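Residues per chain are reported as follows:
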Amino acid sequence: MSVKEESFEKSLERLERIAVRLEAGDVPLEKGVALYKEGMGLVVTCRKRLEAARMEIALAGEDGVLRPFEVTDDEAAGLAGVAGEVS
């Protein structure tokens, strides 16, 4: 990645492209290892950005009290599936 950080969306798109290439199984070993390392770095970056965004989001309850944003089990499973595609 360049000195200038890419957006979350661009990082996620790159991660998805890496997963597709690795799943195809036609990448030479050295290139596959490099892609895997890049993908794992992108997983860490995306997770940190998601966590930072989650900390910024609060939901107002019916009583007007702000509560932390919570991810449902289904949403978390979907995110884990994206990250699991690279491993």
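Note that this is a predicted model, so its numbers are computed, not measured.

1. Observations regarding the overall build of the protein chain
Within the protein chain, the secondary structure is distributed over 3 helices and 2 strands. Sequence-ordered secondary structure for the protein chain, helices as α and strands as β, is α-α-β-β-α. Carbon together with sulfur atoms contributes 58% to the accessible area of the protein chain, which is approximately 6,500 Å² in total.

2. Comments concerning the nonpolar core
Where a protein is soluble and globular, its nonpolar side chains tend to be buried together. Within the largest apolar cluster, 6 residues are counted, these being Leu15, Ile18, Val27, Leu35, Leu42 and Val43. Of all elements in the fold, only helix H1 (8–24) and helix H2 (29–56) reach the threshold of two or more residues within this core. Here this core takes 3 residues from H2, the largest share from any one element.

3. Notes on H1
In this model H1 runs 24 Å from its N-terminal to its C-terminal C-alpha over 17 residues, within 8% of the 24 Å that 1.5 Å per residue would give. Considered for burial, the residues of H1 that qualify are Ser11, Leu15, Ile18 and Ala19. The buried residues of H1 occupy one face: seen down the axis, they fall within an arc of 100°. Residues of H1 that are exposed and point more than 90 degrees away from the buried face comprise Val20 and Ala24.

4. Some thoughts on the packing of H1 against H2
Taken N-terminus to C-terminus, the directions of H1 and H2 make an angle of 145°; their axes are 9 Å apart at the nearest point. Where H1 crosses over H2, the two elements pack in a sense that is left-handed. Where H1 approaches H2, its residues Phe8, Ser11, Leu12, Arg14, Leu15, Ile18, Arg21 and Leu22 are matched on the opposing element by Lys31, Gly32, Leu35, Tyr36, Glu38, Gly39, Leu42, Val43, Cys46, Arg49 and Leu50. Residues of the contact of H1 with H2, tallied by class, amount to 11 nonpolar, 3 polar and 5 charged.

5. Let's talk about H2
If you check H2, its first and last C-alpha atoms are 41 Å apart, about what 28 residues at 1.5 Å a residue would give, namely 40 Å. Turning to H2, its buried residues number three or more, namely Gly32, Leu35, Gly39, Leu42, Val43, Thr45, Cys46 and Arg49.

6. Some remarks on the pattern of salt bridges
A pair can form between side chains of opposite charge whenever their charged atoms are brought close. Taken as a whole, this structure holds 1 salt bridge when the rule is applied. Arginine 14 serves as the salt-bridge partner of glutamate 38, at 2.8 Å between the closest nitrogen and oxygen. With glutamate 38 in helix H2 and arginine 14 in helix H1, this residue pair connects regions lying 24 residues apart in the sequence.

7. Looking at the environment of arginine 54
By secondary structure assignment, the location of arginine 54 is in helix H2. Arginine 54 sits in the partly exposed class, given a relative accessible area of 27%. Once the C-alpha coordinates of arginine 54 and proline 68 are considered, the two residues, 14 residues apart in sequence, prove to be 7.8 Å apart.

Calculation rules
Residues numbered from 1 in each chain as written. Predicted model: local features only at pLDDT ≥ 70, side-chain atom pairs only at ≥ 80, totals over all residues. Heavy atoms only, no water. Helix = DSSP H or I, 4+ residues; strand = E, 2+ residues; numbered from the N terminus. Areas by Shrake-Rupley, 256 points an atom, 1.4 Å probe, with all protein chains shown as cover. Core = buried A, V, L, I, M, F, W, Y, C linked by side-chain atoms within 4.5 Å. Buried < 20%, exposed > 50% of the residue type's maximum accessible area, 1.4 Å probe, protein only. Expected span 1.5 Å × (residues − 1). Arc of directions from axis to C-beta. Axes fitted to C-alpha atoms, helices over the stretch in contact; angles between N-to-C directions. Left-handed = near helix turned anticlockwise from the far one by under 90°. Contact = heavy atoms within 4.5 Å. Nonpolar A, V, L, I, M, F, W, Y, C, P; charged D, E, K, R; others polar. Salt bridge = Lys/Arg side-chain N within 4 Å of Asp/Glu carboxyl O.

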